[in-house]
Amino acid sequence: MNGLSTTGLDVAIGDRVITRSMDLVVEPGAFWGLLGANGAGKTTLLRHLAGLLTPESGTVQLDGRNLPNWPRRRLARHLGMMQQHADYVFDASVLEVALTGRHPYLGPWQRENAQDRALALQALETVDLAAFAQRRVTSLSGGEARRLAFAALQVQDPDVFLLDEPTNHLDFRHQVSVMRAVGDRVYGNGRLAVAALHDVNLAATYCSHVLLLFGDGEWRAGTAPELLNTENLERLYQCPVTAVDTPDGRRFHPAFSRLAS
């Protein structure tokens, strides 16, 4: 798999331009953090990268092939997206929802086998939901529902992971477990990931690269150490930022003294 790329990609929401002339190559072995203020268009861009929306102009390619030219079932074996919201309407079990990740690999009327169930149970174990396998999904908390959505994506096991706020509603421990699991797939197994994140420090900790959306069509892409600095972050969030050097690397927080002045 050569990766995901865009050429001349223009993305807009109504009259608002999200990206202008984006030429980007996301290669296997890279974990990209997608950062921007609320409303900057992170979700919209991810949906374009997943082939769920048609760009104003330009192309998105997977392995050198335009996304619309991929058969949908085959595309789902290589590219998967964790949506921002996980609202379960049907009263299925947690295990049944996790098993939906195997659907791209099943033929018509084919049922999941023992190996599929083992993969699903293993994924549930990684998000601390194995004990809930027979629980109804409508009884889950918001954080549990997010972890289940991530488990289903792990069961799908694509080459490309697109994640829309994967740590939303999660406590510290589960934020770490999800980001570490993505990192294991990327750095250990040569997959690639793009995750929309609100926590800059999660990006600084786990991401090799970042894509910054400034909300006016301008964007910047590069390595995390190169782009995560106070100048870029203050422009990105329109907020004073302080950098702090820690034993784990440089981290960032709002500059409260300047906020108060």
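Summarised in this report is the structure supplied together with it.

About the criteria used
Residues numbered from 1 in each chain as written. Predicted model: local features only at pLDDT ≥ 70, side-chain atom pairs only at ≥ 80, totals over all residues. Heavy atoms only, no water. Helix = DSSP H or I, 4+ residues; strand = E, 2+ residues; numbered from the N terminus. Core = buried A, V, L, I, M, F, W, Y, C linked by side-chain atoms within 4.5 Å. Buried < 20%, exposed > 50% of the residue type's maximum accessible area, 1.4 Å probe, protein only. Contact = heavy atoms within 4.5 Å. Pairing = 2+ DSSP bridges. Axes fitted to C-alpha atoms, helices over the stretch in contact; angles between N-to-C directions. Patch = residues over 30% accessible without salt bridge, like charges linked within 9 Å, V, L, I, M, F, W, Y side chains within 5 Å. Areas by Shrake-Rupley, 256 points an atom, 1.4 Å probe, with all protein chains shown as cover. Salt bridge = Lys/Arg side-chain N within 4 Å of Asp/Glu carboxyl O. Lys, Arg positive; Asp, Glu negative; His and termini not counted. Charge placed at Lys NZ, Arg CZ, Asp CG, Glu CD.

## Side note on unusual backbone geometry
In most cases, non-glycine residues show a negative phi, while peptide bonds are predominantly trans.
Part 1 of the argument: We note that Asp 128 has phi near 60°; this positive angle belongs to a residue other than glycine.
Part 2 of the argument: Within the secondary structure layout, Asp 128 lies in the loop between helix H4 (114–126) and helix H5 (142–156).

## Considering the nonpolar core
Part 1 of the argument: Core analysis: the biggest nonpolar cluster contains 49 residues, and Phe 31, Leu 124, Leu 148 and Leu 163 have the highest contact counts within it.
Part 2 of the argument: In terms of residue count, H5 provides more of this core than any other element does, six residues in total.
Part 3 of the argument: Beyond its immediate stretch of four places on either side in the chain, Leu 124 contacts Val 94, Leu 95, Ala 98, Leu 129, Ala 130, Ala 133, Leu 148 and Ala 151.
Part 4 of the argument: Of all hydrophobic cores here, the second largest spans 29 residues; its members include Trp 32, Val 60, Trp 70 and Leu 75.

## Description of the sheet that holds strand E5 (residues 65–66)
Part 1 of the argument: The strand order E2-E1-E4-E5 describes an open sheet built from four strands, whose pairing is antiparallel. The sheet terminates laterally at strand E2 (16–26) and E5, the two strands that pair on one side only.
Part 2 of the argument: Two elements, strand E4 (residues 57–62) and E5, share two bridges in a ladder whose sense is antiparallel. Looking at E5, one finds that Gln 61 is bridged to Asn 66.
Part 3 of the argument: Across the sheet, helix H1 (residues 42–49) is in contact with strand E1 (4–13), E2 and E4; its angle to E1 comes to roughly 135°.

## As for a positive patch on the surface
Part 1 of the argument: Together, Arg 65, Arg 73, Arg 74 and Arg 77 make up a positively charged patch on the protein surface.
Part 2 of the argument: No other element matches the three residues that helix H2 (residues 72–78) contributes to the positive patch.
Part 3 of the argument: For Arg 73, the location among the structural elements is in helix H2.

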